[in-house]
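Report on the structure
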Amino acid sequence: MTPAQVERVQDSYSFIFAVGTPFILSFYDKLFEIDPDLRPLFRTDLAAQSEKLLMALTYVVKNLHDANRFLPVAEVIAKRHLTYGVKREDYFKVGQALIQSLDEALDRHFTPETHQAWLAAYTLLAGIMCDAAYGASDDDKLPPP
């Protein structure tokens, strides 16, 4: 990611963080619209899960300028997701839901540049997590959402 992309993600995230849990719940709604079969993977209350996701997303966005800071946390989360039954292709669906949620929440502020910055950020994070959970393989790389 370029420094400009990092700044764009961080600037736009301040609005998302201010909205908080309602944004994350909207994300889950979109995710389950994309693939209703993912709903059973979430065994806990979505409001509680939303808080965890918001904290994790905040940590990643805050440290986006240095992936080494969030790399260990992302790897641990990715390996934990394996125990829940998350598959590599589910990361693509999560990316789709995230981008759709951002588009809706940021509205006119979700410019093409902001869209590209979030795609770069998600692609970076999903790549780290997929590599940790499933191993690195150029054949299995997902296209961006």
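Just above sits the structure.
What you see is a predicted model, and the numbers here were worked out from it, not measured in a lab.

Observations concerning the overall build of the protein chain
When helices and strands are counted, the protein chain shows 6 helices and 0 strands. For the protein chain, the C-alpha radius of gyration of 14 Å lies close to 15 Å, the compact-globule estimate for 145 residues. Based on the C-alpha atoms only, the size of the protein chain along its principal axes is roughly 35 × 30 × 25 Å. A buried classification covers 38% of the 145 residues belonging to the protein chain. Accessible area of the protein chain: about 8000 Å², with a carbon and sulfur share of 57%. Positive and negative side-chain charges in the protein chain, numbering 14 and 20 respectively, have mean positions lying 6 Å apart.

Observations regarding the nonpolar core
If you look at the biggest cluster of nonpolar residues, it comprises 41 residues, and the most contacted ones within it are Y91, L102 and W118. Listed by contribution, the elements that provide at least two residues to this core are α1 (3–19), α2 (21–34), α3 (46–62), α4 (67–84), α5 (88–106) and α6 (112–134). Take this core: its biggest share by element is 12 residues, from α6.

Here we look at the packing of α4 against α6
At a closest axis distance of 8 Å, the pairing of α4 and α6 adopts a crossing angle of 50°. When the interaxial angle is binned, α4 and α6 end up oblique. At the point where α4 passes α6, the crossing takes the right-handed sense. Contact residues: α4 offers A67, F70, L71, A74, E75, I77, A78, K79, H81 and L82, while α6 offers L124, L125, I128, M129, A132, A133 and Y134. Of the residues that constitute the contact of α4 with α6, the class distribution is 14 nonpolar, 1 polar and 2 charged.

Things to note about the packing of aromatic side chains
On inspection of all chains with the given rule, the structure shows 7 aromatic pairs. Three or more aromatic residues joined by ring pairs make a cluster, and in this case those are F27, Y28, F32 and F42.

Considering α2
A rise of 1.5 Å per residue sets the reference length of α2, with its 14 residues, at 20 Å; its end C-alpha atoms lie 20 Å apart and thus fit the reference within 8%. Listed as buried for α2 are T21, F23, I24, S26, F27, Y28, K30, L31 and F32. For α2, the elements touching its buried residues are α1, α3 and α5.

Some words on the environment of A133
Looking at where A133 falls in the secondary structure, it is placed in helix α6. When the C-alpha atoms of A133 and A4 are compared, they prove to be 29 Å apart, with 129 residues separating the residues in sequence. Apart from residues lying up to four places away in sequence, A133 is in contact with A78 and L82.

Cut-off values and rules
- Residues numbered from 1 in each chain as written.
- Predicted model: local features only at pLDDT ≥ 70, side-chain atom pairs only at ≥ 80, totals over all residues.
- Heavy atoms only, no water.
- Helix = DSSP H or I, 4+ residues; strand = E, 2+ residues; numbered from the N terminus.
- Rg over C-alpha atoms; globule rule 2.2 N^0.38 Å.
- Buried < 20%, exposed > 50% of the residue type's maximum accessible area, 1.4 Å probe, protein only.
- Areas by Shrake-Rupley, 256 points an atom, 1.4 Å probe, with all protein chains shown as cover.
- Lys, Arg positive; Asp, Glu negative; His and termini not counted.
- Charge placed at Lys NZ, Arg CZ, Asp CG, Glu CD.
- Core = buried A, V, L, I, M, F, W, Y, C linked by side-chain atoms within 4.5 Å.
- Axes fitted to C-alpha atoms, helices over the stretch in contact; angles between N-to-C directions.
- Parallel < 35°, antiparallel > 145°, perpendicular 65-115°, else oblique.
- Left-handed = near helix turned anticlockwise from the far one by under 90°.
- Contact = heavy atoms within 4.5 Å.
- Nonpolar A, V, L, I, M, F, W, Y, C, P; charged D, E, K, R; others polar.
- Phe/Tyr/Trp six-rings, centres within 6.5 Å; stacked < 30°, edge-to-face > 60°.
- Expected span 1.5 Å × (residues − 1).

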